[in-house]
Amino acid sequence: YFPGEFGETVYGEGIFVGYRYYDSADVEPLYEFGYGLSYTRFELRDLQLSADTIDADAQDELTVTVTLANTGACQGKEVVQLYVHDVHSSVQKATRELKGFSKVELAPGEQRTVQFVLGRESLAHYDSRRGRWCVEPGLFEVQVGVSSRDIRCRAQFRAVGLNPYA
């Protein structure tokens, strides 16, 4: 509701905009977020996390690596997309949230390791009642794919720390 009044704009849809709405409401879009065409084929494999548990209060970081391989006959580019899913959230969250992406060009038969780093800010949500960014400890799932609906690798980790909702 732009421009709002008295310096305040209300966003009635909240966090559910674009792919977040379609994925959370289980609506099938004509083209999902991140969809693209190529003259070649790509494979994602060997998803690895640097740790099973991170301490969000200690500003721990999680390194995520995955291998992208061009299994087709032509040179091409692919966008590797990293999403995070909060498995058991006390607050309303989208099914998955994009936290990183990398566009990679590969020759036929070539492969490359793609790396992402997730920190506290990648797990946090803004709590307007508390007036700050909060991380709720618990189980999170890393999802790596080539679009919001074409998830090809998954792995889980646990975040620990002070629970603002305990």
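To be clear, the structure that these remarks concern was listed above.
Rules used in this analysis
- Counting restarts for each chain: residues are numbered from 1 in the order of the written sequence.
- Totals for whole chains, interfaces and linings use every residue, but because this is a predicted model, local features are given only for residues with pLDDT of at least 70 and side-chain atom pairs only at 80 or more, for both listing and counting.
- Excluded from the side-chain calculation are hydrogens and water; included are all heavy atoms of the structure.
- Whether two strands pair depends on DSSP finding at least two bridges between them.
- Here a strand is any run of E in DSSP of at least two residues, a helix any run of H or I of at least four, and the numbering for each starts at the N terminus.
- Axis lines are fitted through C-alpha atoms, for helices just across the contact stretch, and the angle between N-to-C directions can take any value from 0 to 180 degrees.

Quick one: what's the story with the sheet that holds strand β3 (residues 62-70), residue by residue and with numbers?
In space, the three strands of this open sheet follow the order β1-β3-β6, with antiparallel pairing throughout. Pairing within the sheet leaves two strands with one partner each, and these edge strands are β1 (42-49) and β6 (111-118). Put simply, the sheet's adjacent strands are angled 20° from each other on average, direction ignored. Of the pairings in the sheet, the one linking β3 to β6 comprises eight bridges and is antiparallel in character. Paired with L62 across the bridge in β6 is L118.

So what's going on with the sheet that holds strand β4 (residues 76-86)? Which residues, and what values?
Judged by pairing direction, the sheet is mixed, and its five strands sit side by side in the order β2-β10-β9-β4-β5 without closing on themselves. Looking at strand neighbours, the two that pair on one side only are β2 (53-55) and β5 (97-106), the edges of this open sheet. The mean inter-strand angle of the sheet, taken between neighbouring strand axes irrespective of direction, is 25°. Where strand β9 (residues 138-145) and strand β10 (residues 151-160) come together, eight bridges link them in antiparallel fashion. Residue pairing across strands places F140 opposite F157, the latter belonging to β10.

The quantities given are spatial measurements derived from coordinates; they are silent on function.
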